[in-house]
Amino acid sequence: LIEQLDCRSVIVTAPGEAPYDFVSRYFAPKVGIPEDPVCGSAHCRLVPLWADILKKDNLYAYQASPRGGVLK
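These remarks concern the structure in this document. (Residues numbered from 1 in each chain as written. Predicted model: local features only at pLDDT ≥ 70, side-chain atom pairs only at ≥ 80, totals over all residues. Heavy atoms only, no water.)

**Some points on the overall build of the protein**
Then, number 1: On a plain count of helices and strands, the protein comes out with one helix and five strands.
Then, number 2: Starting at the N terminus, the α and β elements of the protein follow one another as β-β-β-α-β-β.
Then, number 3: On C-alpha atoms alone, the protein measures out to a radius of gyration of 12 Å, which is about the 11 Å that the 2.2 N^0.38 rule sets for 72 residues.
Then, number 4: Along the first, second and third principal axes, the C-alpha set of the protein runs to 35 × 25 × 15 Å.
Then, number 5: Counting across all 72 residues of the protein, residues that qualify as buried make up 28%.
Then, number 6: Pairs at least 24 apart in sequence give 50% of the contacts found in the protein among residues at least 6 apart.
Then, number 7: For the protein, the accessible surface area stands at approximately 4900 Å², while carbon and sulfur atoms represent 55% of it. (Helix = DSSP H or I, 4+ residues; strand = E, 2+ residues; numbered from the N terminus. Rg over C-alpha atoms; globule rule 2.2 N^0.38 Å. Buried < 20%, exposed > 50% of the residue type's maximum accessible area, 1.4 Å probe, protein only. Contact = heavy atoms within 4.5 Å. Areas by Shrake-Rupley, 256 points an atom, 1.4 Å probe, with all protein chains shown as cover.)

In structure tokens, the structure reads:
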């Protein structure tokens, strides 16, 4: 269904549970990436968002793909 959306990619994010500040998933099936296991470029957009929401300068994130990955 994501592939039917009129956009290049979709980032899904939510507050995290300890020790993570937030979690995310990244999908871009229109450009050949069904799901990116750990997407650094997506976090370039997510970090400012969550830093503002949480009023924090250092964030610890988890990308909850089947492989999973931690970003700091």
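**Side note on the packing of aromatic side chains**
Then, number 1: Summed over the entire model, instances satisfying the criterion amount to three aromatic pairs.
Then, number 2: Judged by centre distance (5.2 Å) and plane angle (15°), the rings of Y20 and Y60 are stacked. Of this pair, Y20 sits in the loop between β1 (10–15) and β2 (22–28) while Y60 sits in the loop between α1 (40–54) and β4 (61–63); the two residues are 40 residues apart in sequence, bridging distant segments of the chain.
Then, number 3: Look at Y20 and Y62: their rings are 5.3 Å apart centre to centre, the planes differ by 35°, and that puts the pair in the tilted class. With a gap of 42 residues between them, Y20 in the loop between β1 and β2 and Y62 in strand β4 connect regions that are remote in the sequence.
Then, number 4: Taken together, Y20, Y60 and Y62 form an aromatic cluster joined through their ring pairs. (Phe/Tyr/Trp six-rings, centres within 6.5 Å; stacked < 30°, edge-to-face > 60°.)

**Description of the pattern of salt bridges**
Then, number 1: Counted by the stated rule, this structure contains three salt bridges.
Then, number 2: A salt bridge links K56 to D21, with the shortest nitrogen-to-oxygen separation between them at 2.6 Å. Of the two residues, K56 sits in the loop between α1 and β4 while D21 sits in the loop between β1 and β2, which places them 35 residues apart along the sequence.
Then, number 3: Of the charged contacts in the structure, one is a salt bridge between R25 and E35, with a shortest N-O distance of 2.8 Å. Placement of R25 in strand β2 and of E35 in strand β3 (residues 33–36) is noted, with a sequence separation of ten residues between them.
Then, number 4: Among the residues examined, R25 registers a relative accessible area of 32% and is labelled partly exposed. (Salt bridge = Lys/Arg side-chain N within 4 Å of Asp/Glu carboxyl O.)

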